[in-house]
Amino acid sequence: MHLDPILLLVQGLNGVQLGVMLFLMASGLTLIFGVMNLLNLAHGSMYMMGAYLAASLQQRTGSFLLALVLALPATFLIGMIIEAVAMRRLYDRDHLDQVLVTFGFILCFNELVCILWGPQALFMALPDGLSGYVILLPGVIYPSYRLMIIGSGLLVAVLLYLLVMKTRLGMLIRAGASHREMVGSLGVNIKLLYTLLFGIGSALAGLAGMLAGPILSIESGMGDPVLILALVVIVIGGLGSIRGALLASIMVGVADTFGRILLPPALASMVIYLLMAAILFWRPKGLFSANG
Amino acid sequence: MNRLIGLIVTGVMLISSSVFAADKVKVGYLSTLSGPGASLGMDILDGFKLGIKHCGDKLGGLPVELVIGDDQMKPEVGVQVSTRMMEKDKVDFVTGIVFSNVMMAVAKPITDAGIFLISANAGPSPLAGAGCMPNLFTVSWQNDQTHEAMGKYLQDKGVKRLYLMAPNYQAGKDGLEGVKRYFKGEIVAEVYTEVNQPDYAAELTQLRAANPDAVFVFYPGGMGVNFIKQYAQAGLKEKYPLYTTAFTTNQAVLPAMGDAALGIINASFWSPDLDNAVNKKFVADFQATYNHLPSLFAAQGYDTALLIDSAIRQVNGDLNAKDGLRAAFRKADFKSVRGAFRFNHNHFPIQDFYIRQVVKDPNGVLTNKITGVAFKDHADAYHGQCTMQW
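Residues numbered from 1 in each chain as written. Chains lettered and ligands numbered in written order. Predicted model: local features only at pLDDT ≥ 70, side-chain atom pairs only at ≥ 80, totals over all residues.

S.K.: Which residues make up the overall build of chain B, and what values go with them?
M.R.: Each helix and strand in chain B was counted, giving twelve helices and 14 strands. Expected size for 390 residues packed as a compact globule is a radius of gyration near 21 Å; at 22 Å, chain B falls within 12% of this value. Across its three principal axes, chain B shows a C-alpha extent of roughly 95 × 45 × 35 Å. Among the 390 residues that make up chain B, the fraction classed as buried is 55%. Contacts in chain B between residues at least 24 apart in sequence constitute 73% of all its contacts with a sequence separation of at least 6. (Helix = DSSP H or I, 4+ residues; strand = E, 2+ residues; numbered from the N terminus. Rg over C-alpha atoms; globule rule 2.2 N^0.38 Å. Buried ≥ 20, exposed ≤ 12 C-beta atoms within 10 Å, placed from the backbone. Contact = placed C-beta atoms within 7 Å.)

S.K.: Would you mind going over the interface of chain A and chain B in detail, with residue names and values included?
M.R.: Where the parts come together, the accessible area they lose is often given as the size of the interface. Every contact between the two is made by 32 residues of chain A and, on the other side, 32 residues of chain B. Those elements that place two or more of their residues in the side of chain A that touches chain B are α1 (5-36), α4 (95-117), β2 (140-143) and α10 (242-262) of chain A. For the side of chain A that touches chain B, the element with the highest residue contribution is α1 of chain A, accounting for six residues. Here the side of chain A that touches chain B is composed, by residue class, of 19 nonpolar, ten polar and three charged. (Nonpolar A, V, L, I, M, F, W, Y, C, P; charged D, E, K, R; others polar.)

S.K.: Explain the nonpolar core residue by residue, including any values.
M.R.: Judged by nonpolar contacts, the single largest core of 222 residues is most densely connected at A230 and V233 of chain A. In terms of residue count, α1 of chain A provides more of this core than any other element does, 17 residues in total. Looking at which domains feed residues into this core, each of domain 1 (17-141 + 275-343) and domain 2 (145-268 + 353-378) of chain B gives three or more. In contact with A230 of chain A, other than residues within four places in its own chain, are L22, M25, A26, L29 and H43 of chain A. (Core = buried A, V, L, I, M, F, W, Y, C linked by C-beta atoms within 7 Å. Domains from an automatic or database assignment.)

S.K.: Before we move on, could you go through the domain arrangement of chain B and cite the residues and values that matter?
M.R.: Residue and element names in this part refer to chain B. Segmenting chain B into domains produces domain 1 (17-141 + 275-343) and domain 2 (145-268 + 353-378). Its C-alpha centre places domain 1 at a distance of 28 Å from the equivalent point of domain 2. In this assembly, 13 residues from domain 1 lie in contact with 14 residues from domain 2. Elements with a minimum of two residues in the side of domain 1 that touches domain 2: α2 (38-54) and α11 (296-314). If you tally residues by element for the side of domain 1 that touches domain 2, the top one is α2, at three residues.

S.K.: Describe in detail the sheet that holds strand β6 (residues 136-138) of chain B, supporting the description with residues and values.
M.R.: All names here are of chain B. What the six strands build is an open sheet, ordered β2-β3-β1-β4-β5-β6; its pairing is mixed. Each having just a single partner strand, β2 (58-59) and β6 make up the two edges of the open sheet. Two strands pair when backbone bridges link them, and strand β5 (residues 116-119) and β6 are joined in this way by three bridges, in the parallel orientation. Each bridged residue has a counterpart across the sheet, and for L117 the counterpart in β6 is L136. (Pairing = 2+ DSSP bridges.)

S.K.: Account for the pairing of strand β1 (residues 133-137) of chain A, with residues named and values stated.
M.R.: Residues and elements named next belong to chain A. Among the five residues in β1, zero count as buried, and that is only a small part of the element. Here four bridges tie β1 to β2, and the two strands are oriented antiparallel to one another. Residue Y133 lies in a different strand from β2, and its bridge partner there is P143. Here β1 folds back onto β2 in antiparallel fashion, the turn holding two residues, of which G139 has a positive phi close to 90 degrees.

S.K.: Any details on the environment of M48 of chain A? Residues and values, ideally.
M.R.: All names here are of chain A. Take M48: it is sitting in helix α2 (residues 43-61). The exposure class assigned to M48 is buried, which follows from the 28 C-beta atoms found within 10 Å. With near-sequence residues (within four places) excluded, M48 lies in contact with F109, V113, G209, M222 and G223.

S.K.: Run through the environment of L57 of chain A, naming residues and quoting values.
M.R.: Residue and element names in this part refer to chain A. Take L57: it is sitting in helix α2. On the basis of neighbour counts, which here come to 21 C-beta atoms within 10 Å, the residue L57 falls in the buried class. Placed 103 residues apart in sequence, L57 and L160 show a C-alpha to C-alpha distance of 26 Å. Non-local contacts of L57, meaning those with residues more than four positions away in its chain, are made with L66, A67, L70 and A71.

S.K.: For the packing of α2 of chain A against helix α3 (residues 64-85) of chain A, give the residues involved together with the corresponding values.
M.R.: Residues and elements named next belong to chain A. Orientation of α2 relative to α3, taken along the N-to-C sense of each, is 140 degrees, at an axis distance of 8 Å. Of the two possible hands of crossing, α2 and α3 adopt the one that is right-handed. Here M46, M49, G50, L53, A54, L57, Q58 and T61 of α2 lie close against α3, whose contacting residues are F64, L66, A67, L68, L70, A71, A74, T75, I78 and G79. Partitioned by chemical class, the residues of the contact of α2 with α3 number 13 nonpolar, five polar and no charged. (Axes fitted to C-alpha atoms, helices over the stretch in contact; angles between N-to-C directions. Left-handed = near helix turned anticlockwise from the far one by under 90°.)

S.K.: Which residues make up the confidence of the model for chain B, and what are the values?
M.R.: Residue and element names in this part refer to chain B. In the predicted model, chain B carries a mean pLDDT of 91, and the fraction of residues at 70 or more is 95%. Within chain B, helix α1 (residues 2-17) has the poorest average pLDDT of any element, 61, and strand β9 (residues 214-217) the best, 97. Interface confidence for the predicted complex, given as ipTM, is 0.77, next to a pTM of 0.83. (pLDDT = per-residue confidence, 0-100.)

S.K.: Can you tell me about the packing of α1 of chain A against helix α7 (residues 201-210) of chain B, naming the residues and giving the values?
M.R.: One way to put it is that α1 of chain A packs onto α7 of chain B with a least axis distance of 9 Å and a crossing angle of 165 degrees. Compared by their axis directions, α1 of chain A and α7 of chain B come out roughly antiparallel. As α1 of chain A runs across α7 of chain B, the sense of the crossing is right-handed. Residue-level contacts link L7, V10, Q11, N14 and Q17 of chain A of α1 of chain A to A201, A202, T205 and A209 of chain B of α7 of chain B. Of the residues assigned to the contact of α1 of chain A with α7 of chain B, the class counts are five nonpolar, four polar and no charged. (Parallel < 35°, antiparallel > 145°, perpendicular 65-115°, else oblique.)

Below is the structure:
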């Protein structure tokens, strides 16, 4: 088993890329859970819808970029519709009720994509300029598309930070996380705020799906394994903390990647859960508190 | 006297009712029709229905009532649905069964109830060996066979250092065992990844560092789409030739892989371009009916329908003649899309295996083309442990 520094560097990049992908999923999930106290399992379905919509749009328009530009607001809209129709009845309910309803959504969406697009997996092409690879250092070959994913994820992290910390909307989000009733009684339209927030979270998940489309199989149920990883990430990072989600995603991505290459398969699949247990043992509420 | 006549008439009726042909045949189709495995179950069903159509919309001259059930790839659901099919719907045959885990659960309950189970896909090794059953017939293959064909091809080709990858479940392990049964060179690494793992970046980086002569993988369904796409995108295809089986590069998933799949060499018992009259008709009609080329799964479903048709014909529609049906199944007197077809004594096929390559047909559609033969009249490795003789 060779473990020279070049190999470690590439695997490290792989870990970061996986982490960034997870961050896109986890950031939306942690916002929704942290601010609205809603355990949303249908988040994985938004990931899937983003991928399916982008793939179809790419087939119709022939352009990857155009597909992204159109599919993103579409996922945002779908998120807002689901919120208005079903999710807003769940804020005052027990987490178990929320799990039941959102799990039902998973089943519905999994069947819906089969009905709309058939049971076969869809094809999504890599954008032309990014289908090759870059030689970062001698011996370090890395696919350009994956570098783009790392870049996009970090850009989203920065944008989210600016949104939450520097805008009025962000201020309302943080205030709503601390004390919902107070914000409502101050005349803020808390209902609209929540709908927007759910839309943003869904769009983030959809974006993760769209970016993953060209490298992964676009099929019914594709969101479920990613959802599980995202849940582990937000628990480690601290519910409601975007900073926590970023740090935890990178940790989980790197841990999972190195676990898979260093350990036998049975142990490798346990690594992230062991990591979660260890972090929770040290810090029961996760790495950061909400609004961090 | 009247009493005697009455008794004789009743007796004659009782005897003759058992040789009356049934008025229809009820077939239970139990398969995976939802979730990631759904496309296989649907494909087999499409092939099966086309087979019934080609037999005159009947099986063995009897109108068909198809009872369709979804096992959701879960053994316990498979048992529930098959029980319902046998007790409530009173089916005469059960067929389908995509996944080996479901097959292992339903094989005994169905066959013990005296119902024939005709597997159109799953062929786990225990049921080919010591666990072979008189009422179970597997039309497709035994799970290891296709992988053995590729192992033999690689051995004959003179590959020295082979890298193996598969998902970490029974079928993955069986697949790599099959390859190792015939490939005797150096196995650089045997890597098992998590089932339904989406991203292989880490494993592919390790592969590049290991620098093998060739790579063999078994990744069915969506896992295959992920792997092949990522393999090509990492620039590995040119340097490390990839070899696999039809389970990874079949017609059902090729469209989702795109050009990433071009040129990949794979093994199969069947190919759309197999040159015999039955296959040509099957492929042409399938394309016309469903607007895409059939996969090997559809071909298996088609052959299953033809087999059942031939068996019912042999007993003149008398579905209660179980021994007669069994003998008819064993005879397998039908023209298969594979050409000749025969069963081994363990009720698994003895058949040829081909080497194919993924190419683009004149219409630009990705498909497979036969480039050679790996095995002629290949029996599975487990039949010696089966004690059935006939």
